[in-house]
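Examination of the molecular architecture
Here is how the chains run, residue by residue.
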Amino acid sequence: MNPVPDDDLTTIRVDQFLPHPPARVWRALTEPELLAGWQMPGSEDFRLEVGHRYTLTSVPRPNTNFSGSVDVRVLAFEPERMLSVRWADADGSGSVHWTITWTLEQEGRGTRLFLVHEGFDPDDPAQMMARTIMDGGWRSHVMRALGNALDRMEGGSAHGRSAGRSTGNNSR
C-alpha cells in the first residue's frame, strides 16, 4: 500500500502494525540490550528515565548537515504506551532539534505502533533532505529491524513473523 501523502513538511508520521503484544514492543523500545539489536550504536546506553542523555552514532551525511552523532534526551514516557525523546546533532553547530515519539496501541493480539518525528524546518534545504532520507529509513530499515528484533525475542510471535510485514494502513 502506498503511503498516505503528508503535506506537513515539519513532521514524519509512520503507522505500523506489529503482531506482538504491546508489552513485548515496549521492551524492544526501552530495554538497552534489545535496543542494541535494532537501533543505532549507542542505544545500549539508553535508560528509561526522564532527562537521561546518551549518544547515538551513524554515518555522517554532509548533504544534510549531520555529523554522524546524535545527542538524545528522554523527554517523557508512559509505560507500555508512549516514549518521547529529543534528538540534536552532537556537533552543536546545527539547528536540529527533533522530537521522536513512539505511541503503542493494542490492536487485537498485536500492537499498532505510531512514530512521530517532529521539528523539521521546511525552509532549510538540508533539513528537507534529512526528512526525505529519514522518512524512508523509518518506514523501511527501522521498522524491519524492529520487527526482526521482536521475532528474535524469547517466545517469538504467536501470530507469525513480523519482519517487514504490515497490515492495513502502514504509513501515514
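Preceding block: the structure.
Residues numbered from 1 in each chain as written. Predicted model: local features only at pLDDT ≥ 70, side-chain atom pairs only at ≥ 80, totals over all residues. Heavy atoms only, no water.

1. Here we look at the sheet that holds strand 4 (residues 82–89)
Where we set the bar: Two strands qualify as a pair provided DSSP detects at least 2 bridges between them. Secondary structure is summarised from DSSP: a helix means a run of H or I of at least four residues, a strand means a run of E of at least two, and numbering begins at the N terminus for each. Note on geometry: axes are C-alpha line fits, over the in-contact stretch for helices, and angles between N-to-C directions span 0 to 180 degrees. Any pair of residues with heavy atoms lying within 4.5 Å of one another is described as a contacting pair.
Here 6 strands make up an open sheet; going across it, the order is 1-6-5-4-3-2 and the pairing antiparallel. This sheet does not close on itself; its edge strands, each paired only once, are strand 1 (11–18) and strand 2 (53–57). Taking the axes of each pair of neighbouring strands and ignoring which way they run, one obtains an average angle of 25° across the sheet. Two elements, strand 1 and strand 6 (residues 110–118), share 8 bridges in a ladder whose sense is antiparallel. Across the sheet, the residue bridging to Gln-16 is Leu-113, located in strand 6. Across the sheet, helix 1 (residues 22–30) touches strand 1, strand 3 (69–78), strand 4, strand 5 (97–107) and strand 6, and the angle it forms with strand 5 is around 160°.

2. A closer look at helix 3 (residues 125–152)
Here is the rule: For a helix, the expected span equals 1.5 Å multiplied by the number of residues minus one. What we call the bend at a residue is the angle made by axes fitted to the seven residues finishing there and the seven residues starting there. Here a polar contact means two N or O atoms within 3.5 Å. Within protein one must be a hydrogen donor candidate and the other an acceptor candidate, and residues neighboring in sequence count only if both atoms are side-chain atoms.
Here helix 3 spans 39 Å end to end across 28 residues, near enough to the 40 Å set by a 1.5 Å rise per residue. At Trp-138, helix 3 is bent by approximately 40°, the largest bend along its length. For helix 3, the N-terminal capping position is held by Asp-124, with its side-chain oxygen 2.9 Å away from the main-chain nitrogen of Ala-126.

3. As for the pattern of salt bridges
As a reminder, the rule being used: Any Lys or Arg side-chain nitrogen located within 4 Å of an Asp or Glu carboxyl oxygen qualifies as a salt bridge. Working definition: with a 1.4 Å probe on protein chains only, accessible area under 20% of the residue-type maximum means buried, over 50% means exposed, and in between means partly exposed.
Under the definition given, this model contains 7 salt bridges. Between Arg-27 and Glu-31 there is a salt bridge; the shortest N-O distance is 2.9 Å. Since its relative accessible area comes to 34%, Arg-27 is described here as partly exposed. Taking the relative accessible area as the measure of exposure, Glu-31 reaches 22% and is therefore partly exposed. Salt-bridge contacts for Asp-135 lead to Arg-139; the nearest nitrogen and oxygen are separated by 2.8 Å. Here Arg-139 and Asp-135 lie together in helix 3, a separation of 4 residues that amounts to about one turn. Within this structure, Asp-15, Glu-107 and Arg-112 form a network of salt bridges that share partners.

4. Things to note about unusual backbone geometry
For Asn-65, which is not a glycine, the phi torsion comes out positive at approximately 60°. With a phi close to 60°, Glu-80 is a non-glycine residue in the positive phi region. Within the secondary structure layout, Glu-80 lies in the loop between strand 3 and strand 4. Overall, Glu-80 belongs to the partly exposed group, its relative accessible area being 42%.

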